[in-house]
Amino acid sequence: MMLHLLPLPDEIASAYKGRLLRHNGWSNPNEAMRSLLAWAGGGGANRWEVSTVELLARVAGMDTSKFVTEHTTVPLRRAVVAEPPWIPHGSSEQGSLLWTMALRGIRPGAYFCVKCVEEDFDHHGTPYWRREHQLPGVYCCSKHGLALSYVETADAFLSSPTAFIDNHQVVSEPWVADLQKNAQVQRFLAICADLLARTQPLDELDVSRAARARAMDLDLHSGHGIVRKRLLSDLVMQRFDKAWLASVVPGLIDKQAGEYWQTVDGAVIGKRAGVGSIVYALVFSALFESADDAINAMIATTSADKCVAPQRLEARQIDEGQLRTAYIAANGSHRGVAAQLRLRESIATKRLGDLGLPPLGNLHAVSLRNTLSAVLQHDMSLSRACRKHGLALDDVKAALRGALGPLDSVLGQITGTGPRPKAAPSAPRHRPVPPPRQTAPIANATREAVWSGHRAAVQA
């Protein structure tokens with residue numbers, strides 16, 4: 001019998017998972033997830049058909065989108081996207097994202113507030129890890145005004161914060177006090193909080209255009225051409241604390257003044273450049289004098305046709321049967337399927353490709369079927385069968401590659417011999433720099449009392 005637990009307010013999903021495992025006596029996370037899958041009625045299903053975050057949402061009795069929005073960092077990671085912007089956070093159409101990002105940390109380390117831990121014993125009966133404390137740039141508890149403590153232990157969220165009573169670091173209190181007085185940092189945090197609360201991302205095209213317009217007003221460089229004006233990246237470096245910047249946008253402080261830095265300067269070209277949501281929050285906090293002005297500028301150009309209309313929502317719930325039916329009705333045309341189901345053509349092509357249903361183009365269905373029958377049933381060569389039935393060999397090969405793509409992909413994973421895509425040239429990867437640590441005795445004497453009480457509780 002499984003013990004069900006409700007997520008606590010603002011509890012980060014990976015910590016909810018850890019609490020669920022501890023209370024049910026599970027020590028192996030993989031075995032625990034298989035048990036949850038069986039409990040959810042999917043005992044015969046492949047483990048990889050349901051993501052961990054979806055299983056946690058079921059245990060919590062919540063819709064996946066609501067669970068993702070309230071207990072993961074996906075809404076911030078995905079606050080500004082290139083396409084498609086109308087898909088809500090946690091949607092089943094973001095299956096790969098739910099697997100890869102929903103439970104992944106958005107910054108190194110696991111952070112907690114000792115005063116929150118103390119109060120959690122009284123208010124909730126157990127301390128827990130808050131999502132707010134894990135966000136980039138957050139080093140102070142907004143409720144208690146205390147510098148956060150943190151650990152760099154792998155899988156720290158599987159344990160209670162009390163497991164690190166005697167082994168944790170504290171962020172430098174003088175440094176945190178300076179950050180609390182830094183208007184730009186506080187503006188960044190306010191923008192991130194607003195983005196985190198949204199159920200749907202913004203279109204990068206709109207956001208970048210708004211940033212470009214503001215940059216032009218401030219006489220900043222806003223294009224790809226020769227740099228003759230001040231760079232946005234230089235403005236950001238001037239206005240923000242260097243140590244804080246190194247933890248939020250790693251690598252920025254190493255650039256030279258006047259050097260174009262795509263990661264930041266690309267935010268004001270007015271196009272979909274694949275700039276991250278965190279960078280956009282940083283950019284708008286530097287471009288505007290208040291968080292409200294910055295947020296209003298980010299959302300002002302979001303056009304009505306990019307909102308999720310009821311018809312669009314119904315179209316997005318299509319299943320494989322509907323895709324197949326539309327494919328047949330459209331005579332194998334991906335564009336025809338997209339038009340029938342009100343899908344973007346790129347999405348229709350992706351979903352049909354996953355089903356092994358390639359675009360048939362000019363291939364006549366009867367001729368193609370006869371060609372395949374000649375090859376599979378009568379041992380005729382493909383080139384001869386194509387000539388016999390009047391089809392172009394290259395067109396038939398392209399259709400077969402599309403149809404066999406899913407099988408080839410699976411076989412590659414099974415045998416470990418699947419082709420590996422070539423990595424595109426990219427800039428050197430920079431790791432976030434940990435915050436300055438407290439070295440002098442902590443000024444708040446109540447902390448030792450807090451930990452002393454927790455030691456007694458744990459030992460008991």
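All residue numbers refer to positions counted from 1 along the written sequence of the respective chain. Per-residue local features are limited, in this predicted model, to residues with pLDDT of at least 70; the limit for side-chain atom pairs, both in listing and counting, is 80 or more; totals at the level of whole chains, interfaces and linings are taken over all residues. Water and hydrogen atoms play no part in the side-chain values, which are based on all heavy atoms of the structure.

## What about the sheet that holds strand β3 (residues 149-151)?
Strand pairing is assigned whenever DSSP identifies at least 2 bridges connecting the two strands. Here a helix means four or more residues in a row that DSSP labels H or I, a strand means two or more in a row labelled E, and each is numbered from the N terminus. In space, the 3 strands of this open sheet follow the order β2-β3-β4, with antiparallel pairing throughout. Each end of this open sheet is capped by a strand with a single partner; those strands are β2 (110-112) and β4 (169-170). Note that β2 and β3 share 3 bridges and pair antiparallel. Directly across from Y111, in β3, lies its bridge partner Y150.

## Here we look at the state of the cysteines
When two cysteine sulfur atoms lie within 2.5 Å, the pair is treated as a disulfide. The final tally for this structure, using the stated rule, is 0 disulfides. In this model C141 remains outside any disulfide bridge; the closest cysteine sulfur is found in C116, 3.7 Å from its own.

## Regarding the packing of helix α21 (residues 382-389) against helix α22 (residues 393-415)
Relative to each other, α21 and α22 sit at 115°, their axes nearing to 9 Å. As for the relative orientation of α21 and α22, their crossing is right-handed in sense. Contacts from L382, S383 and C386 of α21 reach α22 at L393, V396, K397 and L400. Put simply, Ala, Val, Leu, Ile, Met, Phe, Trp, Tyr, Cys and Pro go in the nonpolar bin, Asp, Glu, Lys and Arg in the charged bin, and everything else, Gly too, in the polar bin. Per-class residue counts for the contact of α21 with α22 are 5 nonpolar, 1 polar and 1 charged. An axis is simply a line fitted to the C-alpha atoms; with a helix, the fit covers only the stretch in contact. Between two such axes, the angle follows the N-to-C directions and lies from 0 to 180 degrees. For any pair of crossing helices, the crossing counts as left-handed if the nearer helix is rotated counterclockwise from the farther one by less than a right angle, and right-handed if it is rotated clockwise. Whether two residues are in contact is decided by their heavy atoms: any pair within 4.5 Å suffices.

## Focus on unusual backbone geometry
With a phi angle near 60°, D155 is a residue other than glycine that sits in the positive phi range. Relative to the elements of secondary structure, D155 occurs in the loop between β3 and β4. Take D155: its relative accessible area is 59%, and that puts it in the exposed class. At D379, a position not held by glycine, the phi torsion is positive, near 55°. Positionally, D379 belongs in the loop between α20 (365-378) and α21. On the basis of relative accessible area, D379 is assigned to the exposed category, the value being 70%. Buried residues are those whose accessible area, probed at 1.4 Å on protein chains only, stays under 20% of the maximum for their type, while exposed residues exceed 50% and partly exposed ones sit between those limits.

## Examining the nonpolar core
Take the buried Ala, Val, Leu, Ile, Met, Phe, Trp, Tyr and Cys residues and link them wherever side-chain atoms come within 4.5 Å; each set so joined is a nonpolar core. Grouped together as the largest cluster of nonpolar side chains are 73 residues, with contacts concentrated most on W244 and F284. The element contributing the most residues to this core is helix α14 (residues 277-287), with 9 residues. In this structure W244 touches G137, Y139, W175, L179, V185, F188 and L282, once residues within four positions along its chain are discounted. Core analysis: the next-biggest nonpolar cluster, separate from the first, contains 24 residues, Y16, V68, V74 and L97 among them.

## Quick word on the confidence of the model for the protein chain
For the protein chain, per-residue confidence averages 86 on the pLDDT scale, and 86% of positions sit at 70 or higher. The predictor attaches a confidence to each residue, and that confidence, scored 0 to 100, is pLDDT. Under a pLDDT of 50 for its full length, residues 307-316 has, in the predicted model, 17 contacts with residues more than four places off or in other chains.

## Things to note about the packing of aromatic side chains
Aromatic ring pairs are described here by two measures, namely the spacing of the ring centres and the angle between the planes. Ring geometry is summarised as follows: Phe, Tyr and Trp rings, the Trp one being its six-membered ring, pair when their centres sit within 6.5 Å, and such pairs are stacked at plane angles under 30 degrees, edge-to-face over 60 and tilted between the two. Counted according to the given criterion, the structure contains 10 aromatic pairs. Relative to W129, the ring of F112 has its centre 5.5 Å away and its plane inclined at 85°; by these criteria the two rings are edge-to-face. In this pair, F112 sits in strand β2 while W129 sits in the loop between α7 (114-123) and β3, placing the two residues 17 residues apart along the sequence. On the accessibility criterion, W129 (2% relative accessible area) is buried. Residues Y139 and W175 carry aromatic rings whose centres are separated by 5.2 Å and whose planes lie at 55° to one another, so their mutual orientation is tilted. Of this pair, Y139 sits in the loop between α7 and β3 while W175 is found in helix α8 (residues 173-180), placing the two residues 36 residues apart along the sequence.

## Topic: the packing of helix α3 (residues 52-60) against helix α4 (residues 64-71)
For the pair α3 and α4, interaxial distance at closest approach is 9 Å and the crossing angle is 100°. When the axes of α3 and α4 are compared, the pair comes out roughly perpendicular. Contacts from V53, E54, L56, A57 and A60 in α3 reach T64, F67 and V68 in α4. Broken down by class, the residue content of the contact of α3 with α4 amounts to 6 nonpolar, 1 polar and 1 charged. Working definition: roughly parallel below 35 degrees, roughly antiparallel above 145 degrees, roughly perpendicular at 65 to 115 degrees, and oblique for all remaining angles.

## A look at the side chain of T162
Along the chain, T162 turns up in the loop between β3 and β4. In protein, a polar contact means a hydrogen-donor-capable atom and an acceptor-capable atom, both N or O and within 3.5 Å, with residues adjacent in sequence counting only if both atoms are side-chain atoms; elsewhere, any N or O pair within 3.5 Å suffices. Polar contacts involving the side chain of T162 include one to the side chain of S160, which spans 2.9 Å.

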